[in-house]
Every structure is written in C-alpha cells, then in structure tokens.
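Residues per chain are reported as follows:
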Amino acid sequence: MKRSKALLALAMAAALTVSMTGCKSQDSTENSSEEVTTEQPADTERENMIVNGDFSDDLTNWFLYTNGATAAQSVNADGEMEIQVTEPGTLEHAVQPYYDGFSLETGCVYEFSFDVHSTVERTMQWRLQLNGGDYHAYVSDIITVNEEVQHVTASFTMEEATDPAPRLCVNMGMLEGCPSDLGEHTVYFDNFALYLTDDSGKVEGAGGVETTDINVNQIGYIPDAEKKAVVRAEAGTEITGEFNVVDVKTDETVFTGTLADAKENTASGEQTAIADFSELTEAGTYKVVTENYGESFEFEIGEGIYDKVMDSAMRMFYLQRCGSVLEDETFGHDACHTGGAVIYGDTSSAAREVTGGWHDAGDYGRYTVAGAKAAADLMLAYENYGEQFGDDTGIPESGNGIPDILDEVKYELDWMLMMQDSETGGVYHKITCANFPDSVMPEEETEQLILAPVSTTATADFAAVMAMAARVYQDIDADYQKTCLAAAEQAWSYLEATPGDGKGFLNPESIVTGEYGDPDDSDERYWALAELYKTTKSDTYLSALKEYKAEDIVDGLGWQNVGLYGVYAYLSSGDSSDVYYQSVESHFKQAVDSVLQKAEQDSYGVTLGSGDYYWGSNLQAANNGMLLLMADQLSPNETYVRVARQQLDYLMGTNTNSYCFITGFGTLSPENPHHRPSQAVGSAMPGMLIGGPDADLDDPYAQATLADRPEAACYVDNVQSYSCNEVTIYWNSPLVYLMTGMEAD
Ligand code: G3I
Ligand code: 9MR
Ligand code: ZN
C-alpha cells in the first residue's frame with residue numbers, strides 16, 4: 001500500500017466518471033446491473049474480501065498468467081504491484097494478473113475498487129469472472145490509464161448463481177483501443193478492494209447435491225458377488241440396528257440383516273457400519289432401507305449389469321480419437337489437429353504429420369506416457385479376457401473380423417509410431433499446442449502443434465507397448481507385428497545409448513500443457529525389457545532385465561510409476577524355478593499384500609490409505625483392482641477377486657461422496673466433467689471415470705470449496721475443478737480392465 005497514492009486517489013474520485021469512459025466492454029452490462037459510482041467506502045470496518053489487496057504481504061495470493069507475451073510481476077518499493085510488460089502479445093488476456101479466493105453471492109451488491117497508473121497511455125480491462133468454462137465476466141470494464149493515479153470504482157449486483165470461486169483479473173494484452181505500438185511499459189496497481197455493501201437481496205442457492213447415508217454400488221452387483229452397503233453417521237456416534245433390502249418394484253422386503261462392524265473411518269471422518277446382503281442373489285432392482293439412517297439409492301442385482309457401462313467406457317476411446325471425422329449424434333465432429341507439427345526449438349523444421357491417437361483427457365494433448373498406459377491396459381484386458389471382446393461395438397472398423405478393442409488400440413499405436421524419431425529411435429514426449437485451449441470442440445483448436453523433446457520415459461514406455469503389440473497382433477497382422485517389434489527394438493537401442501538424466505522431462509519454456517514428469521526412468525526401462533523378453537524370449541533382454549534387483553523396482557501401474565507392468569510381463573513368461581524369478585515374485589506379492597491391507601482398513605473397502613487421495617485417486621483405486629486381477633491370473637485367489645470387486649463398488653458409488661464416479665451411470669454421477677467436448681456440447685459424455693477426491697486441492701475451485709474436508713471427501717462435481725473432475729483415457733482403461741475381469745470371473 002502506498003499511502004500517498006491512496007490519499008491522492010481519494011482526491012481524484014470526483015474525476016472518475018471521465019477517466020472511466022473509453023470503449024465499453026461488451027459484457028460489462030450484460031450479466032450484471034452495474035453503475036460507475038464515485039462513492040468511497042465510508043465504513044472502514046467492512047471486511048475487504050481481497051486479502052492482500054494492498055500488497056503489504058508482497059505478492060501473496062496474486063499471480064500472473066501470460067499467453068504468448070512477456071511480462072513480469074513484482075511489488076515495488078512503494079508497495080504497488082508492478083506489471084512490467086515487455087511484449088504484450090496478441091490476445092486480450094495475453095498478460096493477466098489475477099487473484100482467486102473470494103465469492104460472489106446471488107442478489108448481493110458489491111463495491112469493487114483499485115488504484116492504477118501506467119508509464120504509457122493504454123487501455124486494459126478489469127474483470128470479476130467465472131474461472132473456467134467460457135470465463136465470462138460477471139462485471140467488467142475497459143479503462144484507459146496513464147501516468148496519473150486513477151481510483152477505479154464500480155458497484156454491481158451479482159445477478160447470476162452464487163460463485164464460490166470467481167477470479168479477479170486484469171486483461172493487459174492487446175485490447176481494442178490500445179496504441180498498436182504499445183511497447184515496453186509498466187503498469188502499477190494498488191489497494192484492490194471488494195466490499196459487500198448490501199445483502200438484503202441475497203438469494204439462497206438451490207443447495208448442494210442430494211447424497212445418502214447408505215452408500216452402495218449404484219449400478220449393482222453380479223448375483224454371486226459379495227454385496228455390502230456402508231451406513232454412515234457422524235464420527236463419535238453409534239450405529240446399531242437392522243437393515244432391510246427392499247424390492248423397489250413390489251415394495252417388499254426381501255432380506256433383513258443386522259448392521260455390523262461399526263467403526264470410525266479415518267479417511268472420511270465418519271462412523272460407519274456394514275450392511276452385508278451377499279446372500280441375496282435374486283435378480284431385481286433394490287434399495288437398502290434403515291429406520292435411523294435413511295435409505296440407499298437404487299441398484300440392480302443381475303448378470304451382465306456392467307455391459308452398458310462397459311460399452312460406454314470403450315466408446316469414450318473412440319470419441320477421444322484425434323485426426324479423423326467422428327460419427328456420433330452428440331459428439332461427432334470434423335477431423336481435428338490435422339495441421340503439421342513442428343519440433344520444439346527447431347525453427348527450421350518443416351511441419352510434419354503426426355495425426356491420430358486419442359486426446360488425452362479434458363484437453364486435446366496427446367502425451368506418449370499417458371497413451372502408453374491406456375493402450376497397455378486395453379491390450380492386457382484383451383490378452384487375459386479376449387473372448388469377451390466382440391467386433392460389433394459400432395466403431396468404423398466393426399465387422400472387419402478383428403475385435404474392436406484391438407482396432408481401437410491400433411488407432412493409438414499408429415499415432416505412437418509417428419511419435420518416434422526414425423533416425424535415433426527416441427520418442428517425443430508429447431504433441432500439444434503451447435497452451436491449453438478454450439472450452440471448444442477439438443477441431444477448433446487450431447494453434448501450432450509442437451512436438452516436445454524426446455524423453456527416456458516416453459521412449460521406454462513406447463518400447464514396452466510396441467513389444468506388447470508385437471505379441472497381441474501377431475496372429476492378426478503379420479506386417480504390423482514386424483513394424484511394432486522393429487520400433488520397440490529401435491527404441492531400446494536409443495535407451496541403451498541414452499542413460500536417464502535424473503530429471504526426466506520438464507516442460508520447455510513457453511509450453512504449459514501437461515508435463516507428465518518423472519525423474520526416475522528405471523521402472524520404464526524395466527517394463528520395456530520385460531515386454532521385449534516376453535515377446536521375443538531373447539536372452540539378451542533377460543540378462544539385461546536381471547540387472548535390476550527386485551527390491552529396487554518402482555511399483556505402479558500408472559503413467560509415472562510402471563514397474564508392476566514389467567513385473568507382470570516377466571512373471572507371466574519367465575522360468576519360475578529361477579532364483580531371480582522368485583525374488584521378483586515375492587516383490588510382487590508384497591505389493592499385492594500392501595494393497596489388500598489398505599482395503600482391510602477402510603470401511604468402504606477401497607485400497608486407498610492416508611495420503612493416497614491425490615490427483616486422480618480414482619486411478620489408484622482402479623489400478624489396484626486391476627493389479628489384484630492380474631495377481632489372480634498368476635495365482636488364482638478368491639480374496640484378490642473379492643477386493644478387486646470392492647474397488648469397482650467404490651468407483652460406482654460405495655464411497656463417502658455418494659457418487660457413482662462414471663458419467664451417465666448411477667443415480668448421482670458427475671454432470672460437469674472438466675472435458676472440453678462435454679463442455680462445448682453442454683452435456684457430459686457418458687462412460688467416463690472422473691479423477692475423484694484430491695485432498696491436495698490442486699485447482700482454485702477446489703481450494704475455494706473443499707478446504708477442511710476429510711481426505712476422501714475432497715470431491716466436487718464442478719467443471720472448473722480439473723483436479724477432481726477431469727477425465728482421462730488412462731483412468732478409463734483400468735476401469736475397462738476391471739469391469740471385464742469382473743464379468744469374466
Ligand atoms: O506419486 C506421488 C506420491 O508418491 C505422493 O504421495 C503424492 C502426494 O501428493 O503425489 C504423487 O504424485 C502425484 C502425481 O500426479 C502422480 O500420481 C501428484 O501429487 C499429482 O499432483 C500429479 O497429478 C497429475 C496432474 O496431471 C498434475 O501433474 C495427475 O496424475 C495427472 O493425471 C494430470 O494429468 C493431466 C495432464 O497434465 C494434462 N491432461 C489432463 C490430465 C488429467 O488431469
Ligand atoms: O484444462 C486443463 C486440464 O486439462 C489440465 O489437467 C489442467 C492441469 O494441467 O489444466 C487445465 O487447464 C487449466 C490451466 O492449467 C490453468 N488455467 C485454467 C485451465 C482450465 O480451464
Ligand atoms: Zn484432435
């Protein structure tokens with residue numbers, strides 16, 4: 001806070017109406033009743049909703065977004081926030097200082113103000129806006145600033161639905177009305193203030209979502225499976241009594257049991273008890289009813305109850321396809337991302353064609369390590385449960401005599417082959433634009449595509465997956481088998497000549513899309529060797545594999561830690577009398593046991609312990625379920641299958657959030673996934689597993705709405721919350737594996 005300027009600003013207030021003219025923002029009056037006032041906040045006791053609006057705590061809470069521009073943010077000796085613009089870029093929001101962490105409530109009147117001056121005369125636009133989706137402003141104005149300190153103030157009513165996490169920002173890129181030769185300059189801000197001036201018109205919101213205190217698998221249970229509902233009450237209270245299972249068609253009670261295993265569940269901060277109705281095997285539609293804890297959502301018991309979910313979960317891959325025309329009533333679109341790609345840092349490189357593959361997630365990037373995990377899961381599902389996959393799912397290749405799942409995976413593999421540098425064998429880490437796109441359909445993302453540098457993790461994952469493909473497609477397409485094997489071997493040669501650098505891939509300057517970083521590539525190398533060995537049975541790969549001590553393998557079935565894929569490939573093909581084999585086997589069993597232990601401790605039976613609810617926690621649950629089924633393949637065990645099933649139950653509704661985490665299925669499911677096609681079309685694509693609870697609160701919306709919640713409850717169905725409500729191909733792929741395994745069992 002610079003006191004002299006603040007006083008000056010008070011003195012200048014009268015001149016405001018004049019200084020705030022200039023070009024009016026289009027959305028300044030559209031969404032709010034706004035008027036420019038010259039009043040000063042009379043009541044100094046009112047609480048300023050902008051914490052550190054005077055920069056007395058340096059830049060705490062303040063950030064700078066740039067997109068194709070060069071600018072720097074600092075607090076100067078006068079206590080003002082300085083934005084030094086070197087290159088203003090071309091977009092309005094190319095330079096954008098911003099602040100999150102306040103809320104705007106329907107019907108309330110607010111007063112917003114700040115001080116500003118600039119070394120050159122220019123226009124800029126301040127905004128209080130939705131922080132996601134179309135980023136529209138609730139209130140905004142374009143102002144012209146110059147060397148004189150100007151006190152900007154506006155009063156407005158929040159006309160839209162309460163927003164618990166809007167963003168205050170100033171667009172300082174090239175705005176209409178800005179001098180075209182706007183060169184290097186500095187803009188100074190101070191004394192940001194937002195006061196609630198009148199809450200008499202406050203409209204209470206529609207309220208939160210309706211959850212239940214008896215949580216079940218909302219899709220349902222296979223007749224001979226274990227069936228458990230989890231009843232909850234406040235921590236510290238008792239749960240006792242009976243429960244009934246009621247047939248919703250006849251309203252008759254078909255099963256009565258006693259609530260058991262009452263205990264406190266740490267991750268969700270609740271008291272819980274179990275209603276076990278496994279004995280009920282008759283097909284039908286039911287709900288669990290209690291006297292004191294309400295009733296559950298409906299669910300089914302029956303054969304084939306996951307079929308529709310399975311079809312949708314597989315169709316998601318088709319609908320994520322990049323580079324070809326998609327046929328779909330709702331999500332169909334023209335071919336996207338067909339413009340050539342340039343190689344990062346090589347300005348002379350001619351644009352090259354890198355088309356195809358699946359869009360990663362809610363964004364349209366294509367990332368090698370992420371794609372490898374997804375492709376591997378689908379190939380494993382086919383290798384282990386091949387008879388379950390048909391040739392008639394309605395993709396363009398249906399009816400070609402090849403199971404559709406293999407056609408779908410080939411779509412990804414064909415793209416991956418283009419990601420390999422044919423000279424060195426190294427594989428590019430990703431292909432994306434420099435920034436994430438707006439909430440548009442994919443063909444509307446038309447910025448330059450860039451191939452980010454080769455990484456050893458991408459190259460090793462590629463080698464592993466191509467070696468798998470050489471197995472999976474050998475009876476289907478001999479030429480393809482050869483291509484895949486040659487690509488895998490060339491990638492391995494690259495890795496032999498290129499040791500890991502201990503840092504792994506880091507986003508190069510100016511590329512801000514997903515990093516998928518991983519400093520340790522030993523598990524990726526292990527996986528590559530194990531798949532190459534499984535496919536070729538060559539001693540060269542086996543002896544290289546044996547260089548890795550079993551206890552050093554970094555476990556995981558993720559995009560970052562992949563060691564268990566390698567372990568599985570080796571255990572399913574190696575010589576079990578070998579001492580090395582036995583050491584790997586016991587390492588594998590330890591990993592499986594630790595997963596089982598977690599499930600044992602959690603009331604919902606999920607294999608997540610304290611500290612496991614981070615970004616993509618649903619992936620951990622799905623992966624652990626898949627791991628248990630893989631363990632069952634190696635050494636059949638009912639406990640493995642039972643606990644794997646619990647992971648599916650958790651994902652489909654037996655969780656503290658009462659959500660079936662798969663879009664379009666169950667009674668309560670995510671309707672607002674962070675997924676650009678769903679956002680553009682206005683309805684959630686069905687069959688997508690969302691990321692789930694993330695106790696690290698990795699986005700502004702989560703920070704604003706989920707603070708202080710127990711770990712497992714850090715979930716919100718909001719489009720802005722990319723850290724808990726996004727979707728990815730590699731979250732759907734273990735779900736496909738898990739559902740397939742359950743149906744096969
Ligand atoms: O592995 C560590 C674990 O050991 C540790 O205990 C835990 C504690 O927080 O962190 C774990 O690392 C996590 C890492 O994912 C691996 O799972 C990080 O916390 C977590 O922040 C990180 O999140 C990733 C996120 O990008 C941010 O990098 C997600 O897994 C990943 O799915 C997500 O990927 C994005 C892409 O960048 C862009 N496309 C969409 C996609 C999905 O949101
Ligand atoms: O939409 C992006 C999502 O796909 C990513 O997972 C996420 C994290 O990398 O980032 C999202 O993009 C956000 C960006 O990081 C910050 N500005 C808001 C973007 C979301 O709309
Ligand atoms: Zn595309």
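Residues numbered from 1 in each chain as written. Chains lettered and ligands numbered in written order. Predicted model: local features only at pLDDT ≥ 70, side-chain atom pairs only at ≥ 80, totals over all residues. Heavy atoms only, no water.

Caption draft 1: How the structure looks around the overall build of the protein. The helix and strand tally for the protein stands at 17 helices and 24 strands. Taken over the C-alpha trace, the protein has a radius of gyration of 28 Å; the compact-globule value for 745 residues is 27 Å, and the two agree within 12%. Summarising its shape, the C-alpha atoms of the protein cover approximately 85 × 70 × 45 Å along the three principal directions. Summed over its atoms, the accessible surface of the protein is roughly 29100 Å², and 45% of this surface lies on carbon and sulfur atoms. In the protein, which carries 37 positive and 125 negative side-chain charges, the distance between the mean positions of the two groups comes to 4 Å. (Helix = DSSP H or I, 4+ residues; strand = E, 2+ residues; numbered from the N terminus. Rg over C-alpha atoms; globule rule 2.2 N^0.38 Å. Areas by Shrake-Rupley, 256 points an atom, 1.4 Å probe, with all protein chains shown as cover. Lys, Arg positive; Asp, Glu negative; His and termini not counted. Charge placed at Lys NZ, Arg CZ, Asp CG, Glu CD.)

Caption draft 2: Examining the packing of aromatic side chains more closely. The full count for this structure, using the stated rule, is 35 aromatic pairs. Plain terms: the ring middles of phenylalanine 112 and phenylalanine 114 are 5.6 Å apart, the flat faces sit at 50 degrees to each other, and that makes the pair tilted. With respect to burial, phenylalanine 112 and phenylalanine 114 carry one shared label: buried. Ring geometry for tryptophan 527 and tyrosine 565: centres 4.6 Å apart, planes at 20 degrees, overall stacked. Taken as a pair, tryptophan 527 in helix α8 (residues 522-536) and tyrosine 565 in helix α10 (residues 563-571) lie far apart in primary sequence, 38 residues in all. For the residue pair tryptophan 527 and tyrosine 565, the accessibility class agrees, reading buried in each case. Among the aromatic residues, those joined into a ring-pair cluster are Phe55, Trp62, Tyr99, Phe102, Phe112, Phe114, Trp126, Phe189 and Phe192. In this arrangement the basic side chain of arginine 321 is found over the ring face of tyrosine 411, its NZ or CZ atom lying 4.4 Å from the centre. The ring of tyrosine 480 has lysine 410 sitting right over it, with the charged end atom 4.4 Å from the ring centre. (Phe/Tyr/Trp six-rings, centres within 6.5 Å; stacked < 30°, edge-to-face > 60°. Buried < 20%, exposed > 50% of the residue type's maximum accessible area, 1.4 Å probe, protein only. Lys NZ or Arg CZ within 6 Å of the ring centre and 35° of its normal.)

Caption draft 3: Spotlight on the confidence of the model for the protein. For the protein, per-residue confidence averages 93 on the pLDDT scale, and residues scoring 70 or more make up 94% of the total. Predicted confidence is poor over residues 3-41, with pLDDT under 50, and the contacts of this stretch with residues over four places away or in other chains come to 79 contacts. (pLDDT = per-residue confidence, 0-100. Contact = heavy atoms within 4.5 Å.)

Caption draft 4: Main features of the site of ligand 2. Residues in close proximity to ligand 2 include Tyr135, Asp363, Phe436, Trp615, His674, Arg676, Tyr722 and Glu726, which together make up its full environment. The separation between an oxygen atom of ligand 2 and a polar side-chain atom of arginine 676 is 2.8 Å. For the shell around ligand 2, a count of residues per class yields four nonpolar, one polar and three charged. (Near = heavy atom within 4 Å. Polar contact = N/O pair within 3.5 Å; in protein donor to acceptor, adjacent residues only side chain to side chain. Nonpolar A, V, L, I, M, F, W, Y, C, P; charged D, E, K, R; others polar.)

Caption draft 5: Structural view of unusual backbone geometry. Positioned with a positive phi, tyrosine 135 is a non-glycine residue whose angle comes to about 50 degrees. Tracing the chain through its elements places tyrosine 135 in the loop between β7 (122-129) and β8 (137-145). Judged by its relative accessible area of 37%, tyrosine 135 falls in the partly exposed class. Even without being a glycine, lysine 537 presents a positive backbone phi close to 60 degrees.

Caption draft 6: Inspection of the coordination of the zinc ion (ligand 3) at higher detail. Protein coordination at the zinc ion (ligand 3): the donors are Cys322 (SG), Cys336 (SG), His337 (ND1) and His359 (NE2), at 2.0 to 2.3 Å from the metal. With four donor atoms in place around the zinc ion (ligand 3) and angles of 103 to 115 degrees between them, the coordination shape is tetrahedral. In the primary sequence, the donor residues of the zinc ion (ligand 3) line up as C-x13-C-H-x21-H. Here histidine 359 lies in the loop between β21 (341-343) and β22 (366-367) and cysteine 322 lies in the loop between α3 (307-319) and β21, a separation of 37 residues in the sequence. According to the relative accessible area criterion, cysteine 322 is buried, its value standing at 0%. (Donors = N, O, S within 2.8 Å, 3.2 Å for Na, K, Ca; no water. Tetrahedral: all angles 85-135°; square planar, octahedral: opposite > 155°, others 65-115°.)

Caption draft 7: Representation of the side chain of asparagine 217. With respect to the helices, strands and loops of the structure, asparagine 217 is situated in the loop between β12 (214-215) and β13 (220-221). At 2.9 Å, the side chain of asparagine 217 forms a polar contact with the backbone nitrogen of isoleucine 219. In terms of polar contacts, asparagine 217 uses its side chain to reach the backbone amide nitrogen of glycine 220, at 3.0 Å. Apart from residues lying up to four places away in sequence, asparagine 217 is in contact with Phe299, Tyr306, Leu648, Asp649, Met652 and Thr654.

Caption draft 8: Region of the structure containing the side chain of aspartate 612. If you trace the backbone, aspartate 612 turns up in the loop between α11 (579-601) and α12 (617-634). For aspartate 612, the side chain forms a polar contact with the side chain of lysine 598, separated by 2.8 Å. Those residues within four positions of aspartate 612 in sequence are excluded, and the remaining contacts are Lys598, Thr607, Ser617, Gln620 and Glu711.

Caption draft 9: Structural detail: the sheet that holds strand β14 (residues 228-234). Overall, antiparallel pairing links the four strands, which are arranged β12-β14-β18-β17 in an open sheet. The open sheet has two edge strands, β12 and β17 (260-265), and neither has a second partner. Sheet topology places β17 next to strand β18 (residues 270-276); four bridges connect them, and they run antiparallel. The residue bridging glutamate 264 from the neighbouring strand is glutamine 271, located in β18. (Pairing = 2+ DSSP bridges.)

Caption draft 10: Spatial organisation of the nonpolar core. Judged by nonpolar contacts, the single largest core of 154 residues is most densely connected at Met379, Leu413 and Tyr570. It is helix α6 (residues 456-472) that contributes the most residues to this core, 12 residues altogether. Among all residues touching leucine 413, those that are not within four sequence positions of it are Ala375, Met379, Val465, Met466, Ala469, Tyr473 and Tyr480. Counting 38 residues, the second-largest nonpolar core is a separate cluster that includes Leu104, Tyr110, Trp126 and Leu168. (Core = buried A, V, L, I, M, F, W, Y, C linked by side-chain atoms within 4.5 Å.)

Caption draft 11: Representation of the site of ligand 1. As a structural note, the neighbourhood of ligand 1 is formed by 16 residues, with Asp360, Asp363, Asp696, Glu726 and Tyr730 the closest of them. Residue tryptophan 615 places a side-chain N or O atom 3.2 Å away from an oxygen atom belonging to ligand 1. Here aspartate 696 contributes a side-chain N or O atom positioned 2.8 Å from an oxygen atom of ligand 1. Protein chains bury 68% of the 780 Å² of accessible surface belonging to ligand 1 in isolation. Its residues placed into classes, the shell around ligand 1 shows eight nonpolar, three polar and five charged.

Caption draft 12: Spotlight on the packing of α10 against α12. Following both chains from N to C, one finds α10 and α12 inclined at 15 degrees, their axes separated by 11 Å at the closest point. The pairing of α10 with α12 is recorded here as roughly parallel in orientation. α10 and α12 meet at a crossing whose hand is left-handed. The segment α10 lies against α12, with Leu564, Tyr565, Tyr568 and Leu571 engaging Met626, Leu627, Met630, Gln633 and Leu634. Classifying every residue of the contact of α10 with α12 by side-chain character gives eight nonpolar, one polar and no charged. (Axes fitted to C-alpha atoms, helices over the stretch in contact; angles between N-to-C directions. Parallel < 35°, antiparallel > 145°, perpendicular 65-115°, else oblique. Left-handed = near helix turned anticlockwise from the far one by under 90°.)

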